[in-house]
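As a plain string of letters, each chain reads:
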Amino acid sequence: MKKYLVQFKPFLIFVGVFFLTYIVFTLLYKFYLNSYQPDELDAITMVSGKNSEQLLKLLNYDVIIQKSSQNPWQEIILNGRFIARIVEGCNAVSVMILFVSFVAAFSGNLKKTLLFIVLGLISIYVLNVIRISLLIVLVYHFPQYTHFLHGTFFPLMIYGYVFVLWIFWINRFSKYAK
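Given the structure is predicted, the values throughout are model-derived calculations rather than measurements.

## Regarding the pattern of salt bridges
Scanning all chains against the criterion turns up two salt bridges. For K57, the salt bridge identified is with E53, shortest N-O distance 3.7 Å. Of this pair, K57 and E53 both sit in helix 3 (residues 43–58), separated by four residues, roughly a single helical turn. For K57, a relative accessible area of 45% translates into the label partly exposed. In this structure, a network of salt bridges that share partners links the residues K50, E53 and K57.

This is the structure in structure tokens:
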């Protein structure tokens with residue numbers, strides 16, 4: 001048994017650090033969410049919606065993204081028409097937790113690891129705001145593709161981006177980089 005533990009030590013360390021980091025950040029996020037009342041929307045989601053609205057207004061779209069008066073979501077109105085809602089899951093925090101867990105599990109130099117995590121989180125947030133904004137415009141123009149856009153295309157876009165970041169991290173900065 002000891003032989004296998006020694007042989008698979010790098011893998012076991014990766015799995016242990018990944019799951020420990022993932023569990024800790026998920027619990028911290030759940031505590032954060034639990035600090036809000038059931039009918040409230042958390043600040044991260046609110047800011048994501050506000051930034052998406054600002055981006056669309058910058059691009060000259062007639063858009064309003066506002067907190068629902070009775071529900072824990074933001075309503076999206078484009079050109080006077082209700083398009084969709086932004087809920088807590090739209091803020092990409094779960095994707096960010098996954099990203100951080102993986103990078104931590106393949107950590108290298110502490111300074112480079114922390115810098116990569118911070119820059120990665122910022123870029124994921126920006127991509128998510130762009131994703132929300134594009135989704136709003138595309139659902140407005142092509143409502144028949146809402147399910148595909150929301151359920152397949154845009155998750156593929158954001159998870160694909162995170163995957164590219166992971167590959168870049170492993171090959172350039174992790175302790176396993178050549």
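## Re the environment of W166
Position of W166 among the secondary structure elements: in helix 6 (residues 146–172). Along the primary structure W166 and N91 are separated by 75 residues, whereas in three dimensions their C-alpha atoms are 20 Å apart. If sequence neighbours within four positions are ignored, W166 has contacts with L98, F99, F102 and V103.

## Regarding the side chain of R131
Within the secondary structure, R131 is located in helix 5 (residues 110–141). Although buried, R131 forms no salt bridge, and the nearest oppositely charged side chain, E88, lies 11 Å from it. At 3.2 Å, the side chain of R131 and the backbone oxygen of C90 are in polar contact. Ignoring anything within four residues of it in the chain, the contact list for R131 reads C90, F154, M157 and I158.

The rules we used
Residues numbered from 1 in each chain as written. Predicted model: local features only at pLDDT ≥ 70, side-chain atom pairs only at ≥ 80, totals over all residues. Heavy atoms only, no water. Salt bridge = Lys/Arg side-chain N within 4 Å of Asp/Glu carboxyl O. Helix = DSSP H or I, 4+ residues; strand = E, 2+ residues; numbered from the N terminus. Buried < 20%, exposed > 50% of the residue type's maximum accessible area, 1.4 Å probe, protein only. Contact = heavy atoms within 4.5 Å. Lys, Arg positive; Asp, Glu negative; His and termini not counted. Polar contact = N/O pair within 3.5 Å; in protein donor to acceptor, adjacent residues only side chain to side chain.

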